[in-house]
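Structural features, examined
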Amino acid sequence: MGVVAWLKSLFVLQLLIGFVFVVSGLIINFTQLCTCVLWPFNKQLYRKINTRLSYSLWSQLVMLLEWWSGTDCTLYTDQATVDKFGKEHVIIILNHNYEIDFLCGWTICERYGVLGSSKVLAKHELLKVPLVGWTWYFLEIVFCKRKWEEDRDTVFSGLNRLRDYPEYMWFLLYCEGTRFTEKKHQISMQVAESKGLPKLKYHLLPRTKGFTTTLQCLKGTVKAVYDVTLNFKDKQNPTLLGIVSGKKYKADLSVRRFPVEEIPDDEKECANWLHKLYQEKDALQEHYEKEGSYPGPTIIPKRRIWTLLNFLFWATLLLSPLINFAWDVFVSGSPLLIIGFMIFLIVASVAVRRLIGVTEVNKTGSSYGNIEAKKEN
């Protein structure tokens, strides 16, 4: 292990990074709360400010992927598609297999200038998660409970409100509804068989309602649908904890662009289009399993320095007083102050670890297709 790799593995440095993210996030959330007074008078100004505030928080996570772990992201697509990145409103369909798939998506968003305005159809439980859910609330993210009868009005009103969004947005959809696991896959394929749908080998059966509703509400605003299939070299299974520890991964993303005009307006036909798309995604995944790459040309977008500069700004602002305070505590020799500070460090480490735990595959559950779970509910 080299010196740099050893330093990245040190818990104290990881804790300091977590401290910067958490405290800066709370400051950003408070600032976002203050901007709410703008909404009745100038909604678009409120949105532009919150887009940049959100960027200041999310880009710290992107910095971890790009600059701390040095993870590479390679796009398999054509130049004509890349030329449209960041210049139109789009819906992104991404497979949901990895703990850091969202972070790879955010990295591409950042490199093409749409990180702060990126959107997602998120589960309602995330609204209660500090920093993540709170920031999304001010960004007008659409939260749903995965029960269409309860979600219908909320989803329609939330999506329709985004039709006049002033910044180019990438609206991310995980159409599978939950992260891929073997157990979920077995249940999902039982559902596919009962509905007479083709079985998938590498994906769960897509939930069509979220996609058809999003496309219906944003039609006229959204210009295209980007199908993105993510994989990692050498069958790596990356985690956010691995990223925080400085572990490097190699991500490959296949990107295909579909103009909205090519997608059927009829809800049933649109759902069939999505099922066909997932069959194609399955074929792409099969190709990757055999060849270790996707077909087509490759493009490696350049990293931008803004994520690093943003983190250094917050680190300079927040770590200097923390280090000075810690020094004063230990120099004082007061057992009470020292014990209090140690308790603070323990609480901070637990808080950071719980935030990381939100991304872990084995903690993201879904009762999709699970008859027994439905009975219990």
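Residues numbered from 1 in each chain as written. Predicted model: local features only at pLDDT ≥ 70, side-chain atom pairs only at ≥ 80, totals over all residues. Heavy atoms only, no water.

**With respect to the overall build of the protein**
Looking only at helices and strands, the protein has 14 helices and eight strands in total. In terms of C-alpha radius of gyration, the protein reaches 22 Å, essentially the compact-globule figure of 21 Å for 377 residues. Counting only C-alpha atoms, the protein reaches 70 × 55 × 50 Å along its principal axes. By residue count, 52% of the 377 residues in the protein fall in the buried class. As displayed, the protein has an accessible area near 18500 Å², and 61% of this comes from carbon and sulfur atoms. When the 46 basic and 37 acidic side-chain charges of the protein are each reduced to a single mean position, those positions are 3 Å apart. (Helix = DSSP H or I, 4+ residues; strand = E, 2+ residues; numbered from the N terminus. Rg over C-alpha atoms; globule rule 2.2 N^0.38 Å. Buried < 20%, exposed > 50% of the residue type's maximum accessible area, 1.4 Å probe, protein only. Areas by Shrake-Rupley, 256 points an atom, 1.4 Å probe, with all protein chains shown as cover. Lys, Arg positive; Asp, Glu negative; His and termini not counted. Charge placed at Lys NZ, Arg CZ, Asp CG, Glu CD.)

**Let's talk about helix α12 (residues 306–332)**
Taking 1.5 Å per residue, 27 residues should reach 39 Å; α12 reaches 39 Å between its end C-alpha atoms and fits that length. Along α12, the largest kink reaches about 30° and is centred on L319; proline P321 follows within four residues of it. Burial in α12 covers these residues: T307, N310, F311, W314, A315, L318, L319, L322, A326 and V329. Looking one or two places after α12, you find G333, whose phi comes out positive at around 75°. (Expected span 1.5 Å × (residues − 1). Bend = angle between axes of the 7 residues up to and from the residue.)

**Section: the packing of helix α3 (residues 43–68) against α12**
Direction vectors running N to C along α3 and α12 enclose 115°, while the axes themselves pass 8 Å from each other. As far as their axial angle goes, α12 and α3 are roughly perpendicular. Crossing hand, α3 versus α12: left-handed. Between α3 and α12, the contacting residues are Y55, S56, S59, Q60, V62, M63, E66 and W67 on the first element and W306, T307, L308, N310, F311 and W314 on the second. (Axes fitted to C-alpha atoms, helices over the stretch in contact; angles between N-to-C directions. Parallel < 35°, antiparallel > 145°, perpendicular 65-115°, else oblique. Left-handed = near helix turned anticlockwise from the far one by under 90°. Contact = heavy atoms within 4.5 Å.)

**Examining the pattern of salt bridges**
In this structure the tally under the stated criterion is 21 salt bridges. Of the charged contacts in the structure, one is a salt bridge between E140 and R47, with a shortest N-O distance of 2.8 Å. On the criterion of sequence distance, the pair formed by E140 in the loop between α6 (132–138) and β4 (142–144) and R47 in helix α3 is long-range, its members being 93 residues apart. Across the salt bridge formed by E280 and R256, the nearest N and O atoms sit 2.8 Å from each other. With E280 in helix α11 (residues 267–291) and R256 in strand β7 (residues 250–259), this residue pair connects regions lying 24 residues apart in the sequence. Given a relative accessible area of 25%, E280 falls into the partly exposed group. Residues joined in a network through salt bridges with shared partners are K43, R47, E140, R161 and D164. (Salt bridge = Lys/Arg side-chain N within 4 Å of Asp/Glu carboxyl O.)

Remember, this is a structural readout, not a statement about activity or role.
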